[in-house]
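Single-letter residue listing:
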Amino acid sequence: MRVQVDCRNGDDPRAFYLGTRRLHVTQVLERTAGDSTRRFRVRVQDGRVFILSKHTAKGEWQLARVAS
């Protein structure tokens, strides 16, 4: 699912939108990088954990999965 992400410190997600709901990232738990993507495992304010993926060439973000 494509998502809109607000970033800080380069590519670190600060917040993202699920539909019209803005979820604030409280912690980046893990960062991984591949050839064309970067993945971030993040925790939001209510404690849920999400995996966000950025296609580096296109600059597009995807919600890869809900981890918790």
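Before reading on, note that the structure itself is shown above.
Residues numbered from 1 in each chain as written. Predicted model: local features only at pLDDT ≥ 70, side-chain atom pairs only at ≥ 80, totals over all residues. Heavy atoms only, no water.

(A) Representation of the nonpolar core within the structure. Counting residues in hydrophobic clusters, the biggest one holds 13 residues, and the most contacted among them are Val3, Phe16, Val42, Phe50, Leu52 and Trp61. Counting residues per element, the ones that place at least two in this core are β3 (21-33), β4 (37-44), β5 (49-55) and β6 (60-66). Filtering out sequence-adjacent residues up to four positions away, phenylalanine 50 remains in contact with Phe16, Leu18, Leu23, Phe40, Arg41, Val42, Val44, Leu63, Arg65, Val66 and Ala67. (Core = buried A, V, L, I, M, F, W, Y, C linked by side-chain atoms within 4.5 Å. Buried < 20%, exposed > 50% of the residue type's maximum accessible area, 1.4 Å probe, protein only. Helix = DSSP H or I, 4+ residues; strand = E, 2+ residues; numbered from the N terminus. Contact = heavy atoms within 4.5 Å.)

(B) How the structure looks around the pattern of salt bridges. For the structure on display, the rule yields 5 salt bridges. Residues glutamate 30 and arginine 41 are paired through a salt bridge, measuring 3.4 Å at the closest nitrogen-oxygen approach. Of this pair, glutamate 30 sits in strand β3 while arginine 41 sits in strand β4, and the two are 11 residues apart along the sequence. Residue class for arginine 41 comes out partly exposed when judged on its relative accessible area of 30%. Of the charged contacts, one joins aspartate 46 and arginine 48 as a salt bridge, the two residues approaching to 2.9 Å between their closest N and O atoms. (Salt bridge = Lys/Arg side-chain N within 4 Å of Asp/Glu carboxyl O.)

(C) A look at the pairing of β4. Pairing of β3 with β4 involves 7 bridges; the strand directions are antiparallel. Bridging from a neighbouring strand, glutamate 30 pairs with arginine 41 of β4. The hairpin formed by β3 and β4 contains 3 residues between the paired strands. Counted along the chain from β4 to the antiparallel partner β5, the turn is 4 residues long, and its residue glycine 47 has a positive phi close to 95 degrees. (Pairing = 2+ DSSP bridges.)

(D) Region of interest: the pairing of β5. Burial of β5 is extensive: 6 of the 7 residues sit out of reach of the surface. Sheet analysis places β4 next to β5, joined by 7 bridges and oriented antiparallel. What sits directly across from arginine 41, in β5, is isoleucine 51. Pairing geometry for β5 and β6, over 6 bridges, is antiparallel. The residue bridging isoleucine 51 from the neighbouring strand is arginine 65, located in β6.

Coordinates in, geometry out; function isn't part of it.
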